[in-house]
Amino acid sequence: SRHHLGTEIDINSVNSADYQQGCAGQSCQLAVYTWLIANAANYGFCQPYNTNRLVKTEPWHWSYKPVSKQLTAQHMSTVTAGDLAGLGIAGESTIVSNFDLYHRGFISDINPDCLS
């Protein structure tokens, strides 16, 4: 999870339907999302999962770009599956054997605006 970088936040609801036009009631986050799209970059935030890639669109997930961009670049250039092998972490064999999939999905295949 990019949240482990310490640069990621989830804002309001994590229910995708709450961000769709026509939602009703207090759970509707469309106005918040519309504001974020228009203004978040002014405060250093970008939306890493803004289209359906390996990780589906998450309108609630925002990244603080000034720091996350550097940490993402560092991670992409230095962390390998071998770095995680032999650490005794829960699910280690699954994580190591699927490292490329996880790395691409959560780290490298994000909104290019968050990497530039």
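Residues numbered from 1 in each chain as written. Predicted model: local features only at pLDDT ≥ 70, side-chain atom pairs only at ≥ 80, totals over all residues. Heavy atoms only, no water.

Concerning the packing of helix α2 (residues 65–78) against helix α5 (residues 99–108)
Close contact between α2 and α5 brings their axes to 11 Å; oriented N to C, the two are set at 160°. Between α2 and α5, the interaxial angle falls into the category roughly antiparallel. Regarding α2 and α5, the two cross each other, and that crossing is left-handed. For the pair formed by α2 and α5, the contact residues are Thr72, His75 and Met76 on the first element and His103, Ile107 and Ser108 on the second. Class assignment of the residues belonging to the contact of α2 with α5 gives a composition of two nonpolar, four polar and no charged. (Axes fitted to C-alpha atoms, helices over the stretch in contact; angles between N-to-C directions. Helix = DSSP H or I, 4+ residues; strand = E, 2+ residues; numbered from the N terminus. Parallel < 35°, antiparallel > 145°, perpendicular 65-115°, else oblique. Left-handed = near helix turned anticlockwise from the far one by under 90°. Contact = heavy atoms within 4.5 Å. Nonpolar A, V, L, I, M, F, W, Y, C, P; charged D, E, K, R; others polar.)

Considering the nonpolar core
In a soluble, globular protein the nonpolar side chains are often hidden away together inside. Listed in full, the six residues of the largest apolar core are Tyr19, Tyr33, Leu36, Ala40, Trp60 and Trp62. The residues touching alanine 40, leaving out its near neighbours within four places in the chain, are Trp35, Phe45 and Trp62. One finds Cys46, Tyr49, Ile110 and Cys114 within the second-largest nonpolar core, a separate group that totals five residues. (Core = buried A, V, L, I, M, F, W, Y, C linked by side-chain atoms within 4.5 Å. Buried < 20%, exposed > 50% of the residue type's maximum accessible area, 1.4 Å probe, protein only.)

Observations concerning the side chain of asparagine 111
Here asparagine 111 shows up in the segment after α5. Judged by its relative accessible area of 7%, asparagine 111 falls in the buried class. Ignoring anything within four residues of it in the chain, the contact list for asparagine 111 reads Gln47, Pro48, Asn50 and Arg53.

Take it as geometry only, folks, not as evidence of what the structure does.
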